[in-house]
Amino acid sequence: MTLRPLPKTVAPVPDELLSGWLIRLATINYCEVDELLAHIGISVRHPATFDFEVDMATLEKIAIAARLDPKTVGSLVFPPMSQAEALLTAQFPFQSCPDCSRQGLALRHWRRAWAFDCQICGTRLLSIFAIPHGELASEKLLHRARRGAGHLELAIASNSAAHLRRAMRAVTFAMALKTVRGDKAFALQHPRPGVRIFCLAAIDAAQAHPLIKAAMFSRSIDGFARAALLRTYGKEPRLLAAVDQIVKRNLRSALLPEAESHI
Ligand SMILES: [Zn+2]
């Protein structure tokens, strides 16, 4: 079968994902993406799987259909990643830019757990599957979460195991405070936006003075905080004892004014 180009084509934008661009290509040719792929002889259950790995024959078919260089089409696929980077890169979309997604764009950096603002327009990325949970993040918490996201990005970019370990320990701690169970990478993509924001903010809080900041986080949460501390620092008894002391002191000073009022 000789493959003929599609009637219309569309140029990819920088950082665009192959699956997102295929949807735009289908839309401009008045069809659905699975129809478009079937038309050019490609069978795939979900086009998002192409975002991570695609064989040369498929790339060439798409390139001919879209009248593009196969290299250009290949550049829309994630390059090979380190284990940590792969762990923090979502297989399926979990957040998007409300402005750019309205124009049909799906960008690669949105899949990264550390992506906080859209690199194209600067709008804050929002969870696609947001579950309202009565949690409205304050500007201060958002600011801290944005900084935490930056630390996470740096840990990945520098491939620093120590930096990453500290960040992920903060996430474990934040998950325990939020009573969220499961995978740390999933918590960073959590559909409850409050969980993701809190985990990222905890990464920032754990940077400068990990023990004191961690304890400050737990100040008003008492029982949960203690369980969280045990879970996070369980394998490090000296750290646990130090943080626990700070928490107890914080709790005592928080309780003191109330006790005095009864005298
Ligand atoms: Zn945007």
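This is a predicted model, so every value here is computed, not measured.

Here the focus is the overall build of the protein chain. Of the regular secondary structure elements, the protein chain holds 13 helices and two strands. Summarising the internal contacts of the protein chain: among those between residues at least 6 apart in sequence, 62% fall at separations of at least 24.

Most of helix 1 (residues 18-28) is tucked away: eight of the eleven residues are buried. Those residues of helix 1 that fall on the buried side of the exposure criterion are Leu18, Ser19, Gly20, Trp21, Leu22, Arg24, Leu25 and Ala26. Those residues of helix 1 that are buried are in contact with helix 2 (33-39) and helix 3 (56-66). Tyr30 sits one or two residues past helix 1 and shows a positive phi near 55°.

This next bit is on the nonpolar core. Ranked by internal contacts, the top residues of the largest apolar core, which has 57 residues, are Ala170, Val171, Ala174, Cys199, Ala202 and Ile203. Elements with a minimum of two residues in this core: helix 1, helix 2, helix 3, helix 7 (139-157), helix 8 (161-177) and helix 10 (193-208).

Its 17 residues give helix 8 an end-to-end C-alpha distance of 24 Å, which sits within 8% of 24 Å, the value for a rise of 1.5 Å per residue. For helix 8, every residue scored as buried is listed here: Leu164, Ala167, Met168, Arg169, Ala170, Val171, Phe173, Ala174, Met175, Ala176 and Leu177. Just downstream of helix 8, Thr179 is the residue with a positive phi angle, here 45°.

Right, let's get into the confidence of the model for the protein chain. Per-chain confidence: the protein chain averages 83 in pLDDT, with 76% of residues scoring 70 or above. Long-range and interchain partners of residues 257-263, a stretch whose pLDDT sits below 50, account for zero contacts in this model, where long-range means more than four residues apart.

We now examine unusual backbone geometry. Backbone geometry places Asp15, a non-glycine residue, at a positive phi of 75°. Tracing the backbone shows Asp15 in the segment before helix 1. A positive phi is found at Arg67, a non-glycine position, where the angle reads about 55°. Looking at the element boundaries, Arg67 is found in the loop between helix 3 and helix 4 (70-74).

Further remarks concern the packing of helix 7 against helix 8. The relative placement of two packed helices comes down to the angle between their axes together with the axis-to-axis distance. Packing of helix 7 against helix 8 brings their axes to within 8 Å, and their N-to-C directions diverge by 145°. Judged by the sense of rotation from one axis to the other, the crossing of helix 7 with helix 8 is left-handed. Note on element contacts: helix 8 touches helix 7 through His163, Leu164 and Ala167, opposite His151, Leu152, Leu154 and Ala155. Residues belonging to the contact of helix 7 with helix 8 are distributed by class as follows: five nonpolar, two polar and no charged.

Turning our eyes to something else, we now look at the environment of Arg196. Residue placement: Arg196 occurs in helix 10. Taking C-alpha positions, Arg196 is 9.2 Å from Val171, a pair spaced 25 residues apart along the chain. Filtering out sequence-adjacent residues up to four positions away, Arg196 remains in contact with Leu188, Gln189 and His190.

Another aspect to go through is the environment of Ile197. Mapped onto the elements of the fold, Ile197 is located in helix 10. For the pair Ile197 and Ala137, spaced 60 residues apart in the sequence, the C-alpha separation amounts to 7.6 Å. Here Ile197 is in contact with Ala137, Leu141, Leu142 and Ala145, once residues within four sequence places are set aside.

Procedures and definitions
- Residues numbered from 1 in each chain as written.
- Predicted model: local features only at pLDDT ≥ 70, side-chain atom pairs only at ≥ 80, totals over all residues.
- Helix = DSSP H or I, 4+ residues; strand = E, 2+ residues; numbered from the N terminus.
- Contact = placed C-beta atoms within 7 Å.
- Buried ≥ 20, exposed ≤ 12 C-beta atoms within 10 Å, placed from the backbone.
- Core = buried A, V, L, I, M, F, W, Y, C linked by C-beta atoms within 7 Å.
- Expected span 1.5 Å × (residues − 1).
- pLDDT = per-residue confidence, 0-100.
- Axes fitted to C-alpha atoms, helices over the stretch in contact; angles between N-to-C directions.
- Left-handed = near helix turned anticlockwise from the far one by under 90°.
- Nonpolar A, V, L, I, M, F, W, Y, C, P; charged D, E, K, R; others polar.

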